[in-house]
Amino acid sequence: MIFQSRATPVGLCTALISSKWVRVGHSGVAQRHMSRRVSSPTAGPMGDHAGGASVSGPRGAHSPSGSVSLGVGVAGMGALAFGYHLGVINGPLEAIASDLGFGGNATLQGLVVSSLLAFAAVGSLGGSGLADRLGRRRAFLLDAAPLIIGPLISSLATSPAFMIAGRAITGAGIGLSSALVPVYISEVAPPSQRGALGTLNQVLICAGILAALVLNVLVPTRNWRALFWVGALPAVLLGAGMLFLAPETPSWLGLSGQHALADETAHRLWGPGGEALLEADMAGHAKSDGGPKDRAQWGEVVANRGALTGAALFFLQQFSGINAIVYFSSSVFERAGFHSGTLASAAVGTVNVLGSLLAASVIERVGRRHLLSWSWVGMGASMLLMAAGMRLPALAHLGPYVAVLGTLAYILSFSLGVGPVPALLVPEITPVNLRGKAMAMAMGTHWICNFAIGQAFLLAVNAFSVPVLYTFFGVVCLIGAQFARGIKSSTQLPEELPGTS
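Fair warning: this is a prediction, and the values are worked out from it, not measured in the lab. As a convention, each chain's residues are numbered from 1 in the sequence order in which they are written. Predicted model: local features are reported for residues with pLDDT of at least 70 only, side-chain atom pairs are reported and counted for 80 or more only, and whole-chain, interface and lining totals are derived from all residues. Side-chain figures throughout are based on the complete set of non-hydrogen atoms in the structure, without hydrogens or water.

With respect to the packing of helix α17 (residues 368-391) against helix α21 (residues 466-486)
Here is the rule we go by: Only the stretch in contact is used when fitting a helix axis, every axis being a line fitted to C-alpha atoms; angles between N-to-C directions are given from 0 to 180 degrees. Helix and strand assignments come from DSSP, with helices taken as H or I runs of at least 4 residues and strands as E runs of at least 2, each series counted from the N terminus. Our angle categories are set so that under 35 degrees counts as roughly parallel, over 145 as roughly antiparallel, 65 to 115 as roughly perpendicular, and the remainder as oblique. Crossings are classed by handedness, with left-handed meaning an anticlockwise turn of the near helix from the far one by less than a right angle and right-handed meaning a clockwise turn. For this scheme, ten residues count as nonpolar: Ala, Val, Leu, Ile, Met, Phe, Trp, Tyr, Cys and Pro. Four count as charged, namely Asp, Glu, Lys and Arg, and the remainder, Gly too, count as polar.
Where α17 meets α21, the closest approach of the two axes is 8 Å, and the angle between their N-to-C directions is 165°. By the criterion of interaxial angle, the relationship of α17 to α21 is roughly antiparallel. For the pair α17 and α21, the sense of crossing is left-handed. Among the residues forming the contact of α17 with α21, the class breakdown is 18 nonpolar, 5 polar and 3 charged.

So, in structure tokens, the structure goes:
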């Protein structure tokens with residue numbers, strides 16, 4: 001459905017944020033005393049601490065904050081690729097259809113767009129165990145392959161089938177990336193910076209979408225193949241960075257039984273006291289040898305309250321109306337006198353990025369739960385305001401301006417909480433041995449709901465009208481706000497834990 005080519009990119013760009021829950025000073029944490037830093041054996045390029053992870057190597061000279069920044073920056077290339085591939089198809093879709101012989105065929109054009117989303121769900125769920133079995137770095141290295149191969153196939157496509165195949169392979173890559181990036185950032189960032197660093201995921205996704213928008217304007221549509229070549233570059237940086245520069249996360253090293261190296265990496269990333277912070281993160285998970293018996297099974301994941309909470313948050317996020325807002329943004333701006341779809345996309349994207357940066361600056365002080373609940377309140381109020389502007393005669397003369405104001409207020413509210421916080425919380429409220437699969441389940445929920453809404457939205461508009469749907473979305477937002485306030489009763493959030501700010 002062509003709707004998805006317009007609605008999905010910005011709608012998804014704020015859906016992924018991650019940080020890390022560390023119970024500093026939590027009672028009952030057993031201490032693994034390490035009075036000295038243990039020398040680790042040399043590893044090859046695919047070793048757990050290849051390149052940057054080796055304390056005795058070149059990266060040993062980096063300060064802990066420098067090591068963290070490098071790891072987050074490399075992982076962020078996955079988020080940048082994510083955003084870029086969501087947005088790149090919008091501009092040249094008609095030119096692609098014309099060149100490949102399916103111009104005017106709405107079904108095939110819809111498949112070019114929706115294949116990315118469908119296979120993103122497959123990649124997210126299908127790759128769920130990779131991060132836990134192979135490690136976060138190795139999983140990223142595998143993820144780089146479809147993120148490089150998919151765009152190259154699309155760039156060389158000579159038929160609709162090849163283009164759809166390239167988009168599907170790319171979708172599998174961004175689906176896996178969407179689950180990996182939040183977990184990795186949460187596990188390499190120090191506790192005091194995890195919320196702020198986690199929002200960089202969202203900022204980079206939005207930056208990828210805006211980059212695609214800019215290139216769609218600057219690059220003639222007849223040169224659409226070049227856009228896909230550019231799309232492979234972030235994945236090249238991701239693969240090279242993970243191979244030579246970025247460290248493995250201390251939490252996964254501990255989970256896999258490499259306890260000495262885990263403590264060593266924690267000390268290098270987080271400085272003195274890093275071992276204690278790692279011990280807090282591993283609380284409740286006994287020392288293991290990293291064998292198959294220590295890996296989480298899906299039965300454990302679906303029975304875990306934190307994992308279920310994360311999936312529920314993504315369900316509510318997707319049914320709060322973000323795709324509807326993005327889909328109608330162009331027509332809303334046109335009714336207010338702005339006859340440029342690019343301007344509408346730029347306005348929505350800019351507000352999104354600014355809101356994400358604001359969230360990064362306040363999240364550690366305000367707290368996840370409060371940002372999330374008030375974000376949903378703002379979104380619900382914006383939806384109900386726009387529904388009233390369409391329905392009430394007294395507001396008819398102000399309708400276009402109410403719609404513009406409501407659209408921007410909704411996007412700002414979304415980017416402050418409902419966009420970043422759900423993926424931020426999943427790694428924080430699930431134990432380390434469940435974290436990979438819990439994040440995969442949450443992102444699988446996200447992609448499946450997004451795809452389903454994209455397929456059904458226009459049918460719902462025709463059946464019920466836009467004001468009715470906006471009212472429904474507003475009610476869902478208010479339900480989400482109440483749900484967010486109740487999270488405290490089932491899981492402790494970082495700002496509510498002893499010893500955290």
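Focus: the nonpolar core
This is how the line gets drawn: Nonpolar cores are built from buried Ala, Val, Leu, Ile, Met, Phe, Trp, Tyr and Cys residues. Side-chain atoms within 4.5 Å join them into one set. Exposed residues in this analysis have more than 50% of their type's maximum accessible area, buried residues have under 20%, and partly exposed residues fall in between, with area computed by a 1.4 Å probe over protein chains only. By the convention used here, residues are in contact when the closest approach between their heavy atoms is within 4.5 Å.
Core analysis: the largest hydrophobic core is formed by 61 residues, its most contacted members being F140, I174, M242 and W447. Counting residues per element, this core draws most heavily on helix α7 (residues 160-188), which supplies 9 residues. When neighbours within four sequence positions are excluded, F140 is seen to be in contact with A75, L180, V181, Y184, L238 and M242.

As for the packing of helix α11 (residues 259-270) against helix α12 (residues 274-281)
Here α11 crosses α12 at 115°, and the two axes come no closer than 7 Å. Once α11 is placed against α12, the crossing between them reads as right-handed. Residues A262, D263, A266, H267 and W270 of α11 lie in contact with α12, whose contacting residues are G274, E275, L277 and L278. Residue composition of the contact of α11 with α12, by class: 5 nonpolar, 2 polar and 2 charged.

A few points about α11
Definition in use: Helix span, as expected, comes to 1.5 Å for every residue beyond the first.
For α11, with 12 residues, the first-to-last C-alpha span of 16 Å sits near the 16 Å given by 1.5 Å per residue. Extensive coverage of α11 is indicated by the burial of 10 of its 12 residues. When α11 is considered as a whole, its buried residues turn out to be H259, L261, A262, D263, E264, T265, A266, R268, L269 and W270. Phi turns positive, to about 80°, at G271, one or two residues after α11.

A word on unusual backbone geometry
Phi is positive for S465, close to 85°, though the residue is something other than glycine. With respect to the helices, strands and loops of the structure, S465 is situated in the loop between α20 (435-464) and α21. Of the residues examined, S465 reaches a relative accessible area of 25% and is grouped as partly exposed.

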